[in-house]
Amino acid sequence: MNVDPGPRKVNAEYAIEYLQENPEAGLCCEDKRCWITPNANETDDEVLLIDVTEAERLKDNPRLRLVPGIAHTGRSLWVVRRMT
């Protein structure tokens, strides 16, 4: 019998790789919890977990940008910048 262990915890380096390979994904933070969502339009979904300290390192990455005004009050969403 297979038991789904749920989202695995990752570091900032792995998270940025995931975000770059999955441009529809995003980094979500709310209170003292952070996770990677597979779809930035559905921020409740969690594919990977990340410590707050690692998430802060990730937010400092120039490849990410903050998405203003998302529907969830108190939640932030960061996505990969579109380079043109």
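Attention in this report is confined to the structure presented alongside it.

Rules and cut-offs
Residues numbered from 1 in each chain as written. Predicted model: local features only at pLDDT ≥ 70, side-chain atom pairs only at ≥ 80, totals over all residues. Heavy atoms only, no water. Disulfide = S-S within 2.5 Å. Pairing = 2+ DSSP bridges. Helix = DSSP H or I, 4+ residues; strand = E, 2+ residues; numbered from the N terminus. Axes fitted to C-alpha atoms, helices over the stretch in contact; angles between N-to-C directions. Contact = heavy atoms within 4.5 Å.

**Quick look at the state of the cysteines**
The final tally for this structure, using the stated rule, is 1 disulfide. Cys29 provides the cysteine sulfur closest to Cys28, a residue in no disulfide bond, and the two sulfurs are 7.5 Å apart.

**Topic: the sheet that holds strand 2 (residues 26-30)**
Judged by pairing direction, the sheet is mixed, and its 6 strands sit side by side in the order 1-4-3-2-6-5 without closing on themselves. This sheet does not close on itself; its edge strands, each paired only once, are strand 1 (8-10) and strand 5 (64-66). Across the sheet, the mean angle separating the axes of adjacent strands is 30° when strand polarity is ignored. Here 5 bridges tie strand 2 to strand 3 (residues 33-37), and the two strands are oriented antiparallel to one another. Its bridge partner being in strand 3, Cys29 is matched across the sheet by Cys34. Together, strand 2, strand 3, strand 4 (48-50), strand 5 and strand 6 (75-80) form the strand contacts of helix 2 (residues 52-59), whose direction differs from that of strand 2 by roughly 130°.

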